[in-house]
Amino acid sequence: MPPLLEVKDLKTYFYTQSGVVKAVDGVSFSLEDGEILGLVGESGSGKSVSALSIMRLVSDPPGKIISGEVKFMGEDLLKLNKDEMRSIRGHKISMIFQEPMTSLNPVLTIGKQLTEAIELHLKVDKQAARDRAAKLLESVGISDSNRRLDDFPHQFSGGMRQRVMIAMGMSCNPKLIIADEPTTALDVTIQAQVLEVLKSMVANTNTAVIVITHNLGVVARYADRVNVMYAGKIIETAKATELYANPRHPYTIGLLKSVPRLDEPKKDKLVPIEGQPPDLTNLPAGCSFRSRCPYAFEKCAVETPPLLQVGDNHFSACWADVRKAVPAKK
Amino acid sequence: MTQQRTSPSSTKSTDNLLIQVQGLKMYFPVNAGLIIQKKIADIKAVDGVSFDIMKGETMGLVGESGCGKTTTGRCILMLYRPTAGEIKYEGVDITKLKNSELRPLRRKMQIIFQDPYGSLNPRMNAGAIIGEPIVIHKLIKSKAEYRERVESLLSEVGLNPYMSDRYPHEFSGGQRQRIGVARALAVEPQFIVCDEPVSALDVSIQAQVINLLEELQDRRKLTYLFIAHDLSVVRHISDRVCVMYLGKAVELTDRNTLYENPLHPYTKALLSAVPIPDPEVESKRERIILTGDVPSPLNPPPGCNFHTRCPIAIDICKSVIPEWREKDPGHWVACHRV
């Protein structure tokens, strides 16, 4: 059976006044039914743009998907026309955005916003849609749901709004949910609530999820598989347990070392990654991480490393073998 | 560092004490009415918080948004006039001072803000931003000295001196936060309130700024009040940690005790909610998922204000406010059940 989603060599560039920003530059990955994929990276690494490209939501101009394939259930989404794409968005693939404050319409009731997609995609009447919406709210842990359908977004707290977003994302039984930083705006205790809700809902329905986040802890807790992105490329991909136990790309290693851990007493010093993320309009030749990389050598400046297999289902885009190479002291 | 004793309202030796906060309350009035404004309620942002800060230590202040941690920090700097309570800085109650008397003290107490984008004036270049406090406090005699001071501050925080002519938009987030640090250091303070200094930065940059803050503390013998919601960062940088919930302190102790042996149910839940970047550890951890949301500080619940979400609450919690007491030496907690 083909995978649920297969992204091949996706490239999304933005044409701006200061030059061409290669936000996503040749990204390939696939996703099975019911799998939870973590997409990790810092701001500007291209994780959100990858997601928006899959949904074909990149604003054009200035953005443009210049090449690649996004095969979803055997169909290339990039070849569909506008109407066909609309019937997939919110139905087969839905998206949960970062800001629960701004992604809900403040002048429509929660019920109106929840039932809109249900009526459109599942082709049911108003009453059936409302019943379904109430059930969905109940299942994300909002009590007295029938009455709360008539409330407006401002009457909900931040955590509840994000749960409404999850209910909305789940409303048409999607095969895939893309959650873009779903809990970044929330406090930790609320973050835990929201993620538990999301996890139990997708487990019950065998929905696949792409979680985009910069929080390595969230990925460790919830993802099956992890793609680490840097400067528009996936630089390492592996099963979550494997990636954290045995990271192979110097950037991944650097990221894991630079965060203090809650369960460990203080070590002497944190080991930050030196330097700044590169300017995407003017990427250097070769590996884009090499200016910050302690393992870099001549080859890194000449040739861009492809994803090389380094273990069972574990790929890393790096010429150096970090197990043998000695990091340079800077 | 050996700073075990940490009792609020203690009358013991005060040599090592820098700041004593006693019964601090900060209420913000809520007004109604279009022309004639009438006070209808108070938001109890901080409602009776007591703790000490020793010289040279880092006190971590953690809690979720709206728990009053930033307000507490700003009260200590007298950026707000507290509603009630005492704040003693080297033994002097600064809440009783007039603004003109506070001015020389402000040199000793500085703040680093959370948002490196919003806290720098976009129309001033880096040199002018860092130099302004030096001029205001008249710390230099000549122009040459001024230039020298600004340049040495820039290199101290890891920026190039030639960057002093650049404007904030030309810097990255991490660099801007370094400018904020340099500005705070410009008047040679003893005490700095770091209000979420790394929350807005990317993870790889966070570590750079945290290391910078630690180096400066060693070199300049600074005392920090480190306000953050990221418990992992607080564990790394703090000597002692105070946990706040809805305007009240619920637990205070040294960092290792807090993380290894938390007593208050809120602290336990908070710690268990933080995901650890290691799937092996994660799969074995016990999680306490709190239900419900934080109540409004406009109308906090009676008794212990955590009882509405507390997994071990009993009847007494609903009516009696738990006392802030020293359960073990140096380990303060406010809960009926411990």
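Every value quoted in this text rests on a predicted model; they were computed, and no experiment measured them.

1. Observations regarding the interface of chain B and chain A
In this complex, chain B contributes 44 residues to the contact, which on the side of chain A involves 45 residues. With both sides pooled, the region where chain B packs onto chain A buries about 3,900 Å², and carbon together with sulfur makes up 58% of that total. For chain B, the biggest contributors to the area lost against chain A are Val-203, Pro-277 and Pro-279 of chain B; these three give 16% of the whole. At the boundary of chain B and chain A, one finds 14 residue pairs in polar contact (both at pLDDT 80 or more). Going through the elements one at a time, α6 (203–220), α7 (231–237), α8 (255–260), α9 (265–273) and α10 (279–284) of chain B are the ones with two or more residues in the side of chain B that touches chain A. Top contributing element to the side of chain B that touches chain A by residue count: α6 of chain B, with nine residues. Residues of the side of chain B that touches chain A, tallied by class, amount to 18 nonpolar, 12 polar and 14 charged.

2. What about the nonpolar core?
Formed by 96 residues in total, the largest nonpolar core has its most connected members in Leu-5, Leu-176, Ile-178 and Ile-210 of chain A. Ranked by residue count, the leading element in this core is helix α6 (residues 158–170) of chain A, at seven residues. In this structure, Val-188 of chain A together with Ala-182, Ile-205 and Val-250 of chain B belong to the second largest nonpolar core, which totals 65 residues.

3. A word on unusual backbone geometry
Put simply, Asp-60 of chain A and Pro-61 of chain A share a cis peptide bond, and its omega is -10 degrees. You will see that Leu-246 of chain B, though not glycine, has its phi angle at about 50 degrees, which is positive. Tracing the sequence through the fold places Leu-246 of chain B in the loop between β9 (240–245) and β10 (248–254). Classification of Leu-246 of chain B as buried rests on a relative accessible area of 5%.

4. Topic: the sheet that holds strand β2 (residues 38–54) of chain B
Residues and elements named next belong to chain B. Ordered by their spatial adjacency, four strands build an open sheet running β2-β1-β4-β5, and the pairing between neighbours is antiparallel. Each edge of the open sheet is held by one strand with a lone partner, namely β2 and β5 (92–93). Looking at chain direction, strand β1 (residues 17–32) and β2 are connected through 13 bridges and run antiparallel. Each bridged residue has a counterpart across the sheet, and for Leu-17 the counterpart in β2 is Met-54.

The rules behind the values
Residues numbered from 1 in each chain as written. Chains lettered and ligands numbered in written order. Predicted model: local features only at pLDDT ≥ 70, side-chain atom pairs only at ≥ 80, totals over all residues. Heavy atoms only, no water. Contact = heavy atoms within 4.5 Å. Buried area = accessible area lost by both parts, 1.4 Å probe. Polar contact = N/O pair within 3.5 Å; in protein donor to acceptor, adjacent residues only side chain to side chain. Helix = DSSP H or I, 4+ residues; strand = E, 2+ residues; numbered from the N terminus. Nonpolar A, V, L, I, M, F, W, Y, C, P; charged D, E, K, R; others polar. Core = buried A, V, L, I, M, F, W, Y, C linked by side-chain atoms within 4.5 Å. Buried < 20%, exposed > 50% of the residue type's maximum accessible area, 1.4 Å probe, protein only. Pairing = 2+ DSSP bridges.

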